[in-house]
Structure formats: C-alpha cells, structure tokens
Amino acid sequence: MSTRRRFLATVAGVASAALLTVGVTTAAALPDHHSSPKPTVVLLHGAFADGSSWNEVSERLQRDGYKVVVPAVPLRSIAGDTEYLSGVLAGIPGPKVLVGHSYGGALVSQLAGTPGVKSLVYVAAFIPQAGETIGDLNAKYPGSLLGPDTSTTITYPGGADLLVKPESFRQVVAGDLPRSQAAVLAASQRPVAAAVFGEKVARTAPANLPKYAVVATGDHAIPPAVERYMANRAHATTIEVNGSHLVALSQPQKVTNLIERAAR
C-alpha cells in the first residue's frame, strides 16, 4: 500500500472512531423519556353513581396521553371496598395517581399506602382521618340536603341500601346539569350500603404524600364548608369550583387540570 493510501486509511479510521464516540456521547446526553412514564390515573366514583360520572374527565385525560382506570366500586363497606380495590391496584404497574369523588375520597385515603401511589386527588370528596365516620363529617357544618326526605331505603336480609329519590336527585347532587341528564343519572344511580356512613375509617392518608382537592361551591350533598375544612386539615392544594356535587361532569376541564397537575 502506498504512503498516500495508508494516510487516507488512517484518517478514515480516526474519523469513524470520532463519529462513534460522538454518537455514544450524544446518546448518553439525551434524556431518557421512558424512565419517567406518565402515571396511571385511577378514578374512584362515589355513592349514588358509577364509573360514567368520570366520563368527561376520562376522555380528556386519555386525549392528553394518560392511561385511565375507572373501576366499579362495590359500595358495600369502606373496609371491604378497600380490600377489593387493593386487588385492582395490584394489577396496575408503575406510578399511580388516585382520584376519589364523594365517598370515593374515603377509599383513596385508605389506599394511599399502595406501592406506586404518587399523589392523591379529592373531588368534592371526603378526606377522613382514622377513627372518623363520613356521616359525622358530613354533619359537621350545615348545607347537606341528603336525608330522610331526599333518600329512600332498600331493605334486604342482612342490610339496607340508600338511594337518592329520583325527584330529589338533581337538587341534591346535579343542580348545574341539564334536567334530562340528571334524570338519566338518577335512573342509573347505584345504591350504597347505609352502614358506610357510620363505619369508622382505619387509616389517615400519609402526611408526606401530595394531596389535591376540588371544593365544589354549589354542592348540596357534602357541604362546601365540610370539603374546605377537610382539605385545609389535610394540607391539600385546593381549588374552588362553582359546581354541584357532580362537578366532574359539570366542570370537567377544571377537574382534569388539577388531576394533571397532581400527575406531574
């Protein structure tokens, strides 16, 4: 090989090595976007409702790239529902954000210690502490229209369930939704075991876990003063929204924004 050819071969080898080095360095310097995936958002519905109460929020979260799970909450007891939902969460890998509406907030607090949970969101929801009942909390301040005049009891061997009377449903939980929509929701509402209102919760959500709360200022199921009291006590980042108890349906974008803030 001539001197010129040896020189060119040497230059080519050096250049190739330099390009490989630059490529490795550049790849190492680039952030790994797969190392911090978006958390799965788990939406827990409350009493007198089902997973469809999250439809508007679910659609927005999915559009923004979040995986969403909306399990059917049994509405049988706080302890029993917690056990069931623990199994649901065990099947969801990676980080999770737990979101609870109404009664679902009590379940969020009980599930807060689940591996992978990074933050909690309470939407017009109970935020109880260990030893409290949601019935006592709801009566702490005036303003709730839930009671014998607006509810009906279904008795069966071994227990009793509660439903909101269809004619009272819009007034109590859906005051800012169209009458036709409220009527459909009233017809499809799921009953809740009456005993849950007197059941003492077992755990307080960990103090070091970030918490977020939506106070629905037009709520007639849980008084806004009660929601505000619980959120302040929990040191939750709180927004107040002019909405009914079903604020996730009437003001879905504001609720979604707060959930995504918790997810970040």
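Below is a summary of the structure that appears in this document. (Residues numbered from 1 in each chain as written. Predicted model: local features only at pLDDT ≥ 70, side-chain atom pairs only at ≥ 80, totals over all residues. Heavy atoms only, no water.)

**Section: the environment of A195**
Alright, step 1. Following the sequence through the fold, A195 ends up in the loop between β7 (192-193) and β8 (211-216).
Alright, step 2. A sequence separation of 33 residues divides A195 from L162, and the C-alpha atoms of the two residues are 9.4 Å apart. (Helix = DSSP H or I, 4+ residues; strand = E, 2+ residues; numbered from the N terminus.)

**Looking at the pattern of salt bridges**
Alright, step 1. As enumerated under the stated definition, the model contains four salt bridges in all.
Alright, step 2. Across the salt bridge formed by R60 and E56, the nearest N and O atoms sit 3.1 Å from each other. Here E56 and R60 lie together in helix α2 (residues 55-63), a separation of four residues that amounts to about one turn.
Alright, step 3. Given a relative accessible area of 17%, R60 falls into the buried group.
Alright, step 4. Ionic pairing is found between R233 and E132, a salt bridge with its closest N-O pair at 2.6 Å. Of this pair, R233 sits in helix α8 (residues 224-233) while E132 sits in the loop between β4 (117-125) and α5 (134-138), and the two are 101 residues apart along the sequence. (Salt bridge = Lys/Arg side-chain N within 4 Å of Asp/Glu carboxyl O. Buried < 20%, exposed > 50% of the residue type's maximum accessible area, 1.4 Å probe, protein only.)

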